[in-house]
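One letter stands for each residue in the lines below.
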Amino acid sequence: MSEIDISTRVCSHTVADIALPLNIYNNLKRDMISYYQKNQISFDLIEFKNSKYVNDELPSREKIIVNMQVDEDDYEALLTICNKNQININKLYDVTFFEFSVLEEYNYASPVAS
């Protein structure tokens, strides 16, 4: 099983960046949509570039963002969904934004277009 990469960063808020293997991400997304349709959680599904560096060859990817400021009940729903998908966010109760994306391998030795 591929690993799950969880890191946090602090800017104006605390953000948890959670990179998941594709199969876990797809299961999480399915569960998030199911909970959303039952009005049990709110989240945004956005598209972004893979790298902070300019490289048109990198495909765009999607990211699930859950803003804990929208509804205080979202954390409990997110905790349930994450536990179901074996993503441990139990100690991240003070995070403002959860950002889920697919963990991919990159060839950093390849040239980056400028």
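Everything numeric here is computed off the predicted structure, so don't read it as measured data.

Participant: How would you summarise the pairing of strand E5 (residues 97-102) if you had to cite specific residues and measurements?
Facilitator: The buried fraction of E5 amounts to six of the six residues, a majority that puts the element mostly inside the structure. One ladder, built from six bridges, connects strand E2 (residues 14-20) with E5; its direction is parallel. Residue pairing across strands places Ala16 opposite Phe98, the latter belonging to E5.

Participant: Outline unusual backbone geometry, listing residues and values.
Facilitator: For Asn39, which is not glycine, the phi dihedral falls at a positive 60 degrees. Mapped onto the fold, Asn39 is located in the loop between helix H1 (22-37) and strand E3 (44-49). Overall, Asn39 belongs to the exposed group, its relative accessible area being 71%. Positive phi is not limited to glycine here, since Gln86 has a value of about 60 degrees. With respect to the secondary-structure elements, Gln86 resides in the loop between helix H2 (74-84) and E5.

Participant: Give me the lowdown on the pattern of salt bridges, citing residues and values where you can.
Facilitator: Summed over all chains, the structure comprises six salt bridges. Each of Arg9, Asp17, Lys63 and Glu99 takes part in one network of salt bridges that share partners.

Participant: I'd like a rundown of the nonpolar core, residues and numbers included.
Facilitator: Leu28, Met32, Val66, Leu78, Ile89, Phe98 and Phe100 are the most contacted members of the largest nonpolar core, which totals 25 residues. Counting only elements with at least two residues in this core, the list comes to E2, H1, strand E4 (60-67), H2 and E5. Among the elements that line this core, the one with the most residues is H2, at six residues. Non-local contacts of Ile89, meaning those with residues more than four positions away in its chain, are made with Ile18, Tyr75, Leu78, Leu79, Cys82 and Phe98.

Participant: Please set out the packing of aromatic side chains residue by residue, giving values where relevant.
Facilitator: In total, this model carries three aromatic pairs according to the counting rule given. Pairing Tyr36 with Phe43 gives two aromatic rings, centres 5.8 Å apart and planes at 75 degrees, and the pair type is edge-to-face. Looking at Phe43, the relative accessible area reads 15%, which means it is buried. Judged by centre distance (6.4 Å) and plane angle (15 degrees), the rings of Phe98 and Phe100 are stacked.

Participant: So what's going on with the environment of Gln40? Residues and values would help.
Facilitator: As for its placement among the helices and strands, Gln40 is situated in the loop between H1 and E3. The partly exposed category is assigned to Gln40, whose relative accessible area is 36%. A C-alpha to C-alpha distance of 9.7 Å links Gln40 and Asp71, two positions 31 residues apart in sequence.

Participant: Report on H2, specifying residues and quantitative values.
Facilitator: What H2 keeps buried is the set Asp74, Tyr75, Ala77, Leu78, Leu79, Ile81 and Cys82. Looking one or two residues beyond H2, the residue adopting positive phi is Gln86, at roughly 60 degrees.

Calculation notes
Residues numbered from 1 in each chain as written. Predicted model: local features only at pLDDT ≥ 70, side-chain atom pairs only at ≥ 80, totals over all residues. Heavy atoms only, no water. Buried < 20%, exposed > 50% of the residue type's maximum accessible area, 1.4 Å probe, protein only. Helix = DSSP H or I, 4+ residues; strand = E, 2+ residues; numbered from the N terminus. Pairing = 2+ DSSP bridges. Salt bridge = Lys/Arg side-chain N within 4 Å of Asp/Glu carboxyl O. Core = buried A, V, L, I, M, F, W, Y, C linked by side-chain atoms within 4.5 Å. Contact = heavy atoms within 4.5 Å. Phe/Tyr/Trp six-rings, centres within 6.5 Å; stacked < 30°, edge-to-face > 60°.

These values are about where atoms sit, not about what they do.
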